[in-house]
Amino acid sequence: MEAETDRTAPDEAAERYDPREIERRWQRIWEAESTWVVPNPGAPEFDESKPKNYVLEMLPYPSGEPHVGHLKCYSVGDAIAHFRRRRGYNVIHPMGYDAFGLPAENNAIGTGQHPREATEQSIASFKEQFMRWGISLDWTREISSHEPSYYRWTQWIFLKLHEHGLAYREEAPVQWCPVDATVLANEQVIDGHCERCGSLVEQRKLEQWFFRITDYADRLLEDFGLLESWPEHVVTMQRNWIGRSEGAEVVFHQDDLDLDFNVFTTRPDTLFGATFFVLAPEHPDVEGLAAGTEQEQAVRDYVNESARTSTEDRASEDRQKTGVPLGRSITNPVNGERIPMFVADYVLMEYGTGAIMAVPAHDERDFAFAKAFDLPIRQVVKPADGEVNPDEPYVAHTDDEVLVNSGEFDGLSSPEAIERITSWLRDKDLGEPAVNYRLRDWLVSRQRYWGAPIPFVHCEKCRLVPVPEDQLPVLLPDIEDYAPKGQSPLAAATDWVNTECPKCGGPAKRETDTMDTFVDSSWYFLRYLDPRNEDAPWGPDAADYWMPVDQYIGGVEHAILHLMYARFFCKALSDIGYLDVQEPFINLFAQGMITRDGAKMSKSRGNTVSPAEFVDRFGADTTRTYICFMGPPVKGGDWNDQGVEGVYHFLSRLWRVSREVDARTDGAAEPPESAELGGDARELYAKAHWAIDKVTRDIEPRFHFNTAIAAVMELVNDIYKRKDGLYGDPAGDAAVRFATATAAELIFPFAPHLGSDVFELLHGERVWERQWPEADPALLRRDTFPLVVQVNGKLRDRIDADSGASDEELLELARASEKVRAHVDGKQVVKEIVVPGKLVNLVVR
RNA sequence: GCCGGAGUGGCGGAAUUGGUGAUACGCGCGGCACUCAAAAUGCCGUGUCCUUCGGGACAUGUGGGUUCGACUCCCACCUCCGGCACCA
């Protein structure tokens, strides 16, 4: 058996689609000829006749090997890049690595392997895969955020933000893991527990660095208007995250201590319904207020206990409201009423002023607290036409309700009252309109090793001093021990830490915190534009030409943080004067997640798909095309091994028929004259044009790659169906050859190697150097069409009709049909509907 | 609880603005050809039920509605997925 198979093997190999060989060949050509390298304006090869287009996929975090999610992202992006190149755009399509980050460092703690080493191994494996996938990337622009030539400019941007008051240092509560003795990044805290050791996370107060993103809250909201195409839900998620709410700040006076307390409320119309007042346990005045009252000890106990309770537990949904009285009361400014004060952990220090007026009748949380502590509930808003259920708070506020128990404001509608009461407060200097945000400033410092050092020194004399620009980068030193010890591992690098103050020359210590990796990825799309510039992060000409990104592609998991941080950077850099765009990503495409057996892929579940394995077995073209064929890329899809084989089968059919067509027809390179074609030749030729039209519209603007690929499959099926009847006839040969070359052109964005190969065979040209084909409208129009005839909306017949037929002629045809007559005879036709080119509907009674 | 998205054959999915047989294309399944045989390849068939083989009835989560006509629009409900969640 073995021997027999071996004897036939060479022959068979020649007859088989062998992606390995084809893909290697084209990849070598692209690399040798720098096919996808695109020069900047000013460079000798720069083509100024073409409009620019920036196609960008989110850069990967290099860890291990790329997974299917990466393959999907880059397959989708590459299809768009290819398509736009061939539509006449000057396309920039770069790649890089988000190389700093915790997994590499955590790995180092266990193995002692330097994070740089592990990261660079992963980068090499990612790059090798990207090459084997045949993604059309300009590798001369490759960057990695862990290289000093990159993070030098991350540090430079940090200094610029600081210079313009957008970076500052302040004491703030941070997540602290008591077992690992380290500060954790928010992403490392899973359900209130440490990602690594699982212990309960505590809050501690430490000096931290922040970026003042809250200054940009309104612009981040307004500028959604500048975007062309972003998924609705991503915009909504960001909007919710920013959480802008309008209302008023109201001043309550506390007589005993002669203190003013401001509260923020969105419901100033309910001010008369405030029956108590609550401070967050962290509020700085809590201790002073309780001091000397009989509540002093109880308050102290409560505050200590809530400090020990994790944020997660405090926020858990069905937890009973807790709190204790402060032993003091405070005056409601609108009616002079003295209401009791409480401390309770349902009030958050981070939002508003950390103090609230409680209106139990009209707020669910205040209501729950009032019920638990038996406090009065006073209704001040009621529906214009009826009563309210006293067992629940009444929270609606519309025009259809009126104020009661509110003194001079009785009878006003809720929206009116908001306005009147707010201006009344302002006149009396007791409050003013105010806006509050859920968004907080961005905490960017991490007590971690594997990140860009924050370029500051602490001098005993001059305190906090920025490292001068000409001393950048502040290099990340090599260290021995990555284990967390309560401060950044960098603190142990004493040679590095001890330095001179750039200002006074005296002894100083370096800042040992590093930056959140989201900082690195907030500007990488700018560095691609001018990656080897040693004098600036990017040249203004490069940025002016290429920005903004015309199409950004990535997973929806970055819908909030990365995308919002990058938007903030773009605006800040623009304000500072280094950029001329307000929004970095004009169009965003969020791809759906690929599952396997209906579940998210994970190592623990054992249902991961290794792209490398499929690329080895079926080739990159098949694997990429399969991913695009699974369903619309916005949606998720379930990986199916047999589906991959189906696509392999399809590409094999195209490959095989191309060899046959080349052998059986002569080099009719140019499209046939459609006027000379008849019968099957014309049908096939028209089918090719139908496919051109379909694929073109499905790729853009729809991004429905699955139906585009299905259209090419239909074309290939049609070639198989008609080819044998066309060979030999000159017009027939031309039609078959044209149709097959067209199938290659159309599949090229998804299967670039095979597309190039088949096109070269039949046409002798490089497919990527040609313009994208255009469908001939004359061939899309058919001479006849199947007229659908309905009676009372039910289909009764289908008749070939002339495309140019008038409404009356169509009706004649319909009435003449035997099948129709069977349903119409003996009845009265009450209505006749004609949709030209489509159908006739006879309504009978 | 609030905000999104989605429910179509055995499976992934298609139907682009309410108008060409709902289910393109692919998978799976069945059959045929080639073969000693298998694989590979090519071709044909494949929603469900009924059928006198002409065709007929029913089918897009459920129930209503609008319309000559609804997968598509409206109302109510059910299920699933994603995000946010004591934000005053």
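Structure: above.
The paragraphs below set out a description of the structure included in this document. Source: prediction; values computed, not measured.

Once that is clear, we can look at helix H19 (residues 611-618). What H19 keeps buried is the set Pro611, Ala612, Phe614, Val615 and Phe618. For H19, the arc enclosing every buried residue in end-on projection is 165 degrees, short of the 170-degree limit, so these residues lie on one face. Turning to H19, the residues buried within the fold contact helix H2 (19-32), helix H3 (68-86), helix H5 (115-133), helix H20 (620-629), strand E30 (637-639) and helix H21 (641-664).

Applying the stated criterion across every chain, the model contains 46 salt bridges. Between Arg244 and Glu246 there is a salt bridge; the shortest N-O distance is 2.7 Å. Across the pair Arg267 and Asp269 runs a salt bridge, and its minimum N-O distance is 3.0 Å. As far as burial versus exposure is concerned, Arg267 and Asp269 are alike and both buried. A network of salt bridges, in which partner residues are shared, links Arg25, Arg659, Asp757 and Glu760.

Relative to the helices and strands, Lys503 is located in the loop between strand E23 (498-500) and strand E24 (507-510). A C-alpha to C-alpha distance of 48 Å links Lys503 and Gly77, two positions 426 residues apart in sequence. The residues touching Lys503, leaving out its near neighbours within four places in the chain, are Cys462 and Val465.

Spatial strand order, E6-E5-E9-E19: four strands in an open sheet with antiparallel pairing. Here the strands that pair on one side only, and so sit at the sheet edges, are strand E6 (182-184) and strand E19 (442-443). Sheet analysis places strand E9 (residues 202-211) next to E19, joined by two bridges and oriented antiparallel. Within E19, the residue paired with Phe211 across the bridge is Trp442. Sheet contacts for helix H6 (residues 148-163): strand E5 (167-177) and E9; angle to E9, the most-contacted strand, approximately 90 degrees.

Parameters at a glance
Residues numbered from 1 in each chain as written. Chains lettered and ligands numbered in written order. Predicted model: local features only at pLDDT ≥ 70, side-chain atom pairs only at ≥ 80, totals over all residues. Heavy atoms only, no water. Buried < 20%, exposed > 50% of the residue type's maximum accessible area, 1.4 Å probe, protein only. Helix = DSSP H or I, 4+ residues; strand = E, 2+ residues; numbered from the N terminus. Arc of directions from axis to C-beta. Contact = heavy atoms within 4.5 Å. Salt bridge = Lys/Arg side-chain N within 4 Å of Asp/Glu carboxyl O. Pairing = 2+ DSSP bridges. Axes fitted to C-alpha atoms, helices over the stretch in contact; angles between N-to-C directions.

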